[in-house]
Amino acid sequence: MKIVLTVNEARLAVRDARQQGKTIGFVPTMGALHEGHMSLVRAAKAGCDFVVASIFVNPTQFGPNEDLAKYPRTFEADRQKLEAEHVDLVFAPTVDEMYPQGAVTFVTAEGITDRLDGRSRPGHFRGVTTVVAKLFHIVEPDLAFFGQKDAAQAAIVRRMARDLMFPIEIVVAPIVREADGLALSSRNAYLSPAERTQATALSRALREAQSRYRSGEIDSTRLISAAQEVFASEPAVRVDYIEVVDPETLEPVAKATSGTLLAVAAFVGSTRLIDNVLLGA
Ligand code: PAF
């Protein structure tokens, strides 16, 4: 496994693989890798000849009062995990490498980036689309792999790739959960033991709404109420949003149909967690 820190080295390594006729799979990450990330890496290995993973904690997607400084940075552990999966190339640039002095150009997807997390975290998705577009230009993959846990990010990246005509297939892999339902997230590392227990409220709320949908409830307000009832029994958890939306546009829908996205975000202590379910799936 080769590790490169610069854009030029990454380009050369990928072009070399491409010249050998290999298909390129790309897994962008911010490190602190867990089984959710590794499921993306395995999917990339299964579908592509040459797999690139990036590790870059992207400052432009963090708001001024968010956790950029304390975001877990675990490069050596990440390197070992990627090596064990036989990843071919790791691109781990510095902030200066990705945002050279004086960089003023951003990529913005309009409208869709103001929904769900975009409404609660203004500017977040502008940072995501900017860095993902830069990474796509550097790596030029055939396939790029994202997790369903950040359903809004997946929808926005897919839209951006389409609008900017990146010839890249966006693959979205299912959420990986702990045995008790908690969706894997690098931010779970912030939770105290008591918060870790409280955090299951998110997946319990989604399960309750899913079960109501499966029993015939399609009214979004009532599905949201079903999720809210679960949160009401866990007062230490503060809900940011619970929404029933179209999975592609992220626009709210009044009536759910199969594949409609039910998404939640909630604070457990000071840690903001997200989770979602595709109704009927
Ligand atoms: O999902 C993430 O880890 C990040 O948002 C991404 C896609 C690597 C961009 O920084």
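Residues numbered from 1 in each chain as written. Predicted model: local features only at pLDDT ≥ 70, side-chain atom pairs only at ≥ 80, totals over all residues. Heavy atoms only, no water.

Here we take up the overall build of the chain. The helix and strand tally for the chain stands at ten helices and nine strands. Since a compact globule built from 281 residues should have a radius of gyration of about 19 Å, the 19 Å found for the chain is in line with a globular shape. Each of the three principal axes of the chain carries a C-alpha extent, and together these read 55 × 40 × 40 Å. Within the chain, the proportion of its 281 residues that are buried is 52%. Long-range pairs, those at least 24 residues apart, make up 73% of the contacts in the chain between residues at least 6 apart in sequence. Accessible area for the chain stands at about 12,900 Å²; split by element, carbon and sulfur atoms hold 52% of it. On the chain, the mean spot of the 31 positive side-chain charges and the mean spot of the 35 negative ones are 1 Å from each other. (Helix = DSSP H or I, 4+ residues; strand = E, 2+ residues; numbered from the N terminus. Rg over C-alpha atoms; globule rule 2.2 N^0.38 Å. Buried < 20%, exposed > 50% of the residue type's maximum accessible area, 1.4 Å probe, protein only. Contact = heavy atoms within 4.5 Å. Areas by Shrake-Rupley, 256 points an atom, 1.4 Å probe, with all protein chains shown as cover. Lys, Arg positive; Asp, Glu negative; His and termini not counted. Charge placed at Lys NZ, Arg CZ, Asp CG, Glu CD.)

So, on to the sheet that holds strand β4 (residues 89-91). One open sheet accounts for six strands, arranged β1-β4-β3-β2-β5-β6; its pairing is parallel. Two strands bound the open sheet, and with one partner strand each, they are β1 (2-4) and β6 (169-173). For this sheet, the mean inter-axis angle between neighbouring strands, taken without regard to orientation, is 25°. As defined by bridge partners, strand β2 (residues 24-29) adjoins strand β3 (residues 50-55) across six bridges and the pair is classed as parallel. Following the sheet pairing, Thr-29 is matched in β3 by Ile-55. With respect to the sheet, helix α6 (residues 124-139) is in contact with β2, β3, β4, β5 (143-147) and β6, its orientation differing from that of β2 by roughly 150°. In this fold helix α7 (residues 151-163) packs onto β5 and β6, with an angle of close to 170° to the strand it touches most, β6. (Pairing = 2+ DSSP bridges. Axes fitted to C-alpha atoms, helices over the stretch in contact; angles between N-to-C directions.)

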